[in-house]
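Structure assessment
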Amino acid sequence: MLHIVTALPCEAKPLIKHYKLNGRQAENGFRIYENDAIRLIIAGIGKCAAAAACAYLQGTEPQAKHSWLNLGIAGHRDLDIGEAVMAHKISDASTGINWYPAMPFKLPCQTFELISVDQANTDYISDRAYDMESAGFYSTAIRFNSSELVQVFKVISDNNVNPAEQVSAQLAEDIISAQLNTIDVVIKQLLYLNTQMAQQQNKPEIEAFQQHWHFTVSQQH
């Protein structure tokens, strides 16, 4: 199962339609959309909302291992509107904490450092992308699976020429819809990796090794 976290309904709408996700009745402030392979939650804006949505989604199946994807819009100084990027480094602007997602598969787009800010950025002072959810998402989702299976995918919605104030819900929906083929590549990779890792963890020789030699928790992972 893949867990997808978006901030806004306009970011989620193309995915709900494309993957034919069925909505559950809203519970505890969140509504989940799902099919047999994907479960999507609309978190709301900001790091705290993203973290809460991750924890809530994991709580629906606390013993299961899922792959995770934060998908939404981001700003960048120079990139064209509608261009897709993935995050090879995530930085929390308020704390200075960094994370480095592992990417053991062929990427369908370029990667950038992603700065997670508390308020919408309009300065675009460096060659990095900006969003408001990735730090909260990543710091929480990484508790539930390894870094290969926790990824962040963004579509550029604003830049120096077209600032964040001009971004509309329709624009966000349109540019994500235009990247559905690229998104599908990432989703299939994450689902495949999750299946492969689950099979490896279920192999009996792993249990035999752990019984024969002592491993720390980190070594076991």
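For clarity, every value in this text was computed on a predicted model and none was experimentally measured.

How each quantity is defined
Residues numbered from 1 in each chain as written. Predicted model: local features only at pLDDT ≥ 70, side-chain atom pairs only at ≥ 80, totals over all residues. Heavy atoms only, no water. Helix = DSSP H or I, 4+ residues; strand = E, 2+ residues; numbered from the N terminus. Rg over C-alpha atoms; globule rule 2.2 N^0.38 Å. Buried < 20%, exposed > 50% of the residue type's maximum accessible area, 1.4 Å probe, protein only. Contact = heavy atoms within 4.5 Å. Areas by Shrake-Rupley, 256 points an atom, 1.4 Å probe, with all protein chains shown as cover. Lys, Arg positive; Asp, Glu negative; His and termini not counted. Charge placed at Lys NZ, Arg CZ, Asp CG, Glu CD. Polar contact = N/O pair within 3.5 Å; in protein donor to acceptor, adjacent residues only side chain to side chain. Pairing = 2+ DSSP bridges. Core = buried A, V, L, I, M, F, W, Y, C linked by side-chain atoms within 4.5 Å. Salt bridge = Lys/Arg side-chain N within 4 Å of Asp/Glu carboxyl O.

Now for the overall build of the protein chain. Within the protein chain, the secondary structure is distributed over seven helices and ten strands. Taking 221 residues into account, the globule formula puts the C-alpha radius of gyration at 17 Å, and the protein chain, at 18 Å, falls close to it. Out of the 221 residues in the protein chain, the part that is buried amounts to 48%. Residue pairs at least 24 apart in sequence account for 70% of intrachain contacts in the protein chain once pairs closer than 6 positions are excluded. Element-wise, carbon and sulfur atoms account for 51% of the exposed surface of the protein chain, whose accessible area totals about 11,100 Å². Taken as two groups, the 16 positive and 23 negative side-chain charges of the protein chain have centres that lie 5 Å from each other.

With respect to the secondary-structure elements, R39 resides in strand β4 (residues 38–42). In this structure the side chain of R39 is engaged in a polar contact, spanning 3.1 Å, whose partner is the side chain of H3. Setting aside residues no more than four positions away along its own chain, R39 makes contact with M1, L2, H3, I4, R24, I32, Y33, E34, L57, T60, E61 and H66.

Further remarks concern the pairing of strand β8 (residues 110–116). Looking down a regular strand, the side chains alternate between one sheet face and the other. Taking burial as the measure, the seven residues of β8 include five buried ones, the bulk of the element. As paired elements, strand β6 (residues 84–92) and β8 share seven bridges and run parallel to each other. Note on β8: the bridge partner recorded for K89 is E113.

The biggest cluster of nonpolar side chains holds 31 residues, and the ones touching the most others in it are I4, L69, F153 and I183. Where this core is concerned, the elements lending two or more residues are β1 (2–6), α1 (9–18), β4, β5 (67–76), β6, β10 (150–158), α4 (169–178) and α5 (180–201). In terms of residue count, the dominant contributor to this core is α5 (six residues). If near-sequence neighbours (up to four positions away) are discounted, F153 is found in contact with L69, N70, L71, G72, A84, V85, M86, C109, T182, I183 and V186. Of all hydrophobic cores here, the second largest spans 24 residues; its members include I41, W68, L114 and A141.

Glancing now at the side chain of E113. Inspection of the secondary structure puts E113 in strand β8. Within the local environment of E113, its side chain forms a polar contact with the side chain of S91, the two groups lying 2.9 Å apart. The contact partners of E113, leaving out residues within four places of it in the chain, are H88, K89, S91, R128 and A129.

Glancing now at the pattern of salt bridges. All told, the structure shown has eleven salt bridges when counted by the stated rule. With a closest N to O distance of 2.9 Å, D118 and K47 form a salt bridge. Note that D118 is positioned in the loop between β8 and β9 (129–131) and K47 in helix α2 (residues 47–59), a separation of 71 residues in sequence. Classification of K47 as buried rests on a relative accessible area of 15%. Linking R77 and D78 is a salt bridge whose minimum nitrogen-to-oxygen distance equals 2.7 Å. Residue classification places D78 among the partly exposed positions, given a relative accessible area of 45%.

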